[in-house]
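Inside the fold
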Amino acid sequence: MNNPYKGLPEKNFWGKAVRDRHYYDLDNLSQPIDLKLHYKIATAGSCFAQHIGRHLQRSGFKYLDMEPKPSFIDDVDAKRFGYNVYSCRYGNIYSTRQLLQLTQEALGYRQPQEIIWTRNGRYFDALRPSVDPVGYDDSDSVFKSRKKHLAAVKMMLEEVDVFVFTLGLTEAWVSTVDETVYPTAAGTIAGEHNSEKYYFKNFRYNEIYNDIIEFRDLVKEINPTFRILLTVSPVPLNATASNDHVLVASSRSKSILRAVAGDLAEDFEDIFYFPSYEIVSSHPSRAMFFQPNLREVNDMGVSYVMKHFFSSFGKTFEAEENVNEDDEIVCDEEALDKFS
C-alpha cells in the first residue's frame with residue numbers, strides 16, 4: 001500500500017535515527033546552511049552565542065569584530081570589559097525586542113530616554129551595563145562610549161553577510177516611559193528598581209516573530225543581501241520574574257523561541273535555523289551535556305554542537321583539547337544568583 005512515509009530517509013524515523021544509534025553517531029540533524037569561508041559573519045544574542053562566535057573565528061571564517069580590544073588590555077580583562085565576546089560590545093542581547101531597538105537606535109530611528117544607570121557613584125550604560133564592570137566617572141563618558149558603540153553596530157549591519165543570533169529569553173524588563181527593553185532588571189548590575197519606571201514583560205510568539213521580521217527589513221534597507229542564522233540557547237533561565245516555577249517558565253520561554261525560529265526559517269529563504277537547543281536539551285542526550293548545576297553547557301556539549309554546526313555547511317570540526325581561561329562565557333543572568 002502506498003503511504004506518504006514510504007521511502008522517506010532514515011533521519012525521518014525515530015527508531016533508525018535516534019533509538020538504534022548512539023547519541024554521538026547522530027547525523028543530518030540540521031538542514032544545510034549556506035555558509036562560505038569568505039562570508040562576513042557576526043554574532044549576537046544570549047550567552048550561548050559566544051561559543052559559536054569563538055569557534056567560527058578560530059576556524060578561519062571572516063568573523064567581524066567591530067570593537068576590538070585596546071592593545072593595553074589583555075585577553076582575560078578584555079572579556080570583563082565586553083571585548084572579544086560578540087561582534088560589537090553590546091553585551092548579552094537576550095530578547096528580540098532588545099535587538100530590534102538597538103538596530104533602530106544605531107540607524108537613527110530611535111532614542112531611548114533613559115541611558116544612564118548609577119551604582120556607588122559610578123555611571124553605567126543602562127542598555128549594556130555589564131560591558132564596563134567599574135563604570136564611568138561621569139555621564140558624558142557614557143554617552144561618548146555609546147555613540148562610538150552605535151557607530152560600530154551600524155557598520156557591522158552594513159557589512160555582515162550572515163548574522164548569527166541566539167534567542168535566549170522571552171522575559172524582559174521594560175521602561176514605562178518609552179518601552180525601552182533592558183538586558184537586565186535595574187538593581188541587578190546597576191541602577192535601582194522602581195515599579196513606576198519599569199515593568200515585567202513576557203513576550204508572546206507574535207511579538208517575537210514580528211520583531212525579527214522588522215529587524216530583517218531594517219537591515220535589508222542598508223544591506224540587501226544579508227541573511228540571518230537563528231539558534232535557540234539550550235541554557236535554562238537562571239531566574240524568572242513570572243508566577244511560574246523556574247522550570248516551567250524556562251520550558252515556556254524556550255518552546256516559544258524554538259517555534260518562532262522554526263517558522264521564520266520556513267517562511268523566509270534568507271533565514272536559517274540551527275538546532276543547538278535540541279542537540280543539548282533533548283531527552284536522548286540524558287543531560288550529559290550540562291554541568292552539575294544542570295544549567296551551564298559543558299565543553300563536551302559545546303564541541304558536539306559545533307561538530308553538527310560545521311557539518312551542516314560541509315566543514316569538519318576539530319574539538320579543542322583545552323579551553324583557555326579567556327574562553328569563559330560572559331552571562332549577565334549570573335548576576336541574579338546573588339538574589340536567590
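Described below are features of the structure shown in this document. The shown structure was predicted, so the numbers you read here are calculated from the model rather than taken from an experiment. (Residues numbered from 1 in each chain as written. Predicted model: local features only at pLDDT ≥ 70, side-chain atom pairs only at ≥ 80, totals over all residues. Heavy atoms only, no water.)

**Brief notes about empty space enclosed by the protein**
Applying the stated criterion to the full structure yields 5 cavities of 30 Å³ or more. In this structure, the largest cavity occupies an estimated 130 Å³ of space. What lines the largest cavity is a set of 14 residues, among which Gln-98, Leu-102, Glu-105, Leu-127 and Arg-146 lie closest to the centre. If you list the elements that add at least two residues to the lining of the largest cavity, you get helix H4 (96-106) and helix H5 (139-159). Ranked by the residues each element gives to the lining of the largest cavity, the list is headed by H4, at 4 residues. For the lining of the largest cavity, the per-class residue count stands at 6 nonpolar, 4 polar and 4 charged. (1 Å grid on protein atoms, 1.4 Å probe; cavity = no way out; pocket = protein on both sides within 12 Å on 5 of 7 lines; lining within 4 Å. Points joined across faces, edges and corners; volume = space filled by probe spheres on them. Helix = DSSP H or I, 4+ residues; strand = E, 2+ residues; numbered from the N terminus. Nonpolar A, V, L, I, M, F, W, Y, C, P; charged D, E, K, R; others polar.)

**Points about the sheet that holds strand E8 (residues 198-202)**
The strands that make up a sheet are held in pairs by hydrogen bonds between backbone atoms, and each pair lies either parallel or antiparallel. Spatially, the 3 strands line up as an open sheet ordered E7-E6-E8, and their pairing is antiparallel. Edge positions in the sheet fall to strand E7 (181-182) and E8, since each of these pairs with one other strand and no more. Inspection of the sheet shows strand E6 (residues 171-175) paired to E7 by 2 bridges, in the antiparallel sense. Each residue of the ladder has a partner; that of Val-174, found in E7, is Val-181. (Pairing = 2+ DSSP bridges.)

**Digging into the nonpolar core**
Counting 47 residues, the largest nonpolar core has Tyr-90, Met-156, Phe-163, Phe-165, Phe-215 and Leu-264 as the members making the most contacts within it. It is helix H6 (residues 205-222) that provides the largest number of residues to this core, a total of 7 residues. For Leu-264, the contacting residues outside a window of four places in its chain are Tyr-209, Ile-212, Ile-213, Leu-230 and Ile-271. The next biggest cluster of nonpolar side chains, apart from the first, holds 28 residues, and it includes Ile-33, Val-162, Leu-229 and Ile-279. (Core = buried A, V, L, I, M, F, W, Y, C linked by side-chain atoms within 4.5 Å. Buried < 20%, exposed > 50% of the residue type's maximum accessible area, 1.4 Å probe, protein only. Contact = heavy atoms within 4.5 Å.)

**Considering the sheet that holds strand E2 (residues 62-63)**
Taken together, 5 strands build an open sheet; the order of strands is E2-E1-E5-E9-E10 and the sheet is parallel. The sheet terminates laterally at E2 and strand E10 (271-273), the two strands that pair on one side only. Taken together, the 5 bridges between strand E1 (residues 40-45) and strand E5 (residues 162-167) define a ladder with parallel strand orientation. Paired with Ala-42 across the strands is Phe-163, a residue of E5. Each of E5, strand E9 (227-232) and E10 is contacted by H6, which is oriented at about 155° to E9, the strand it contacts most. (Axes fitted to C-alpha atoms, helices over the stretch in contact; angles between N-to-C directions.)

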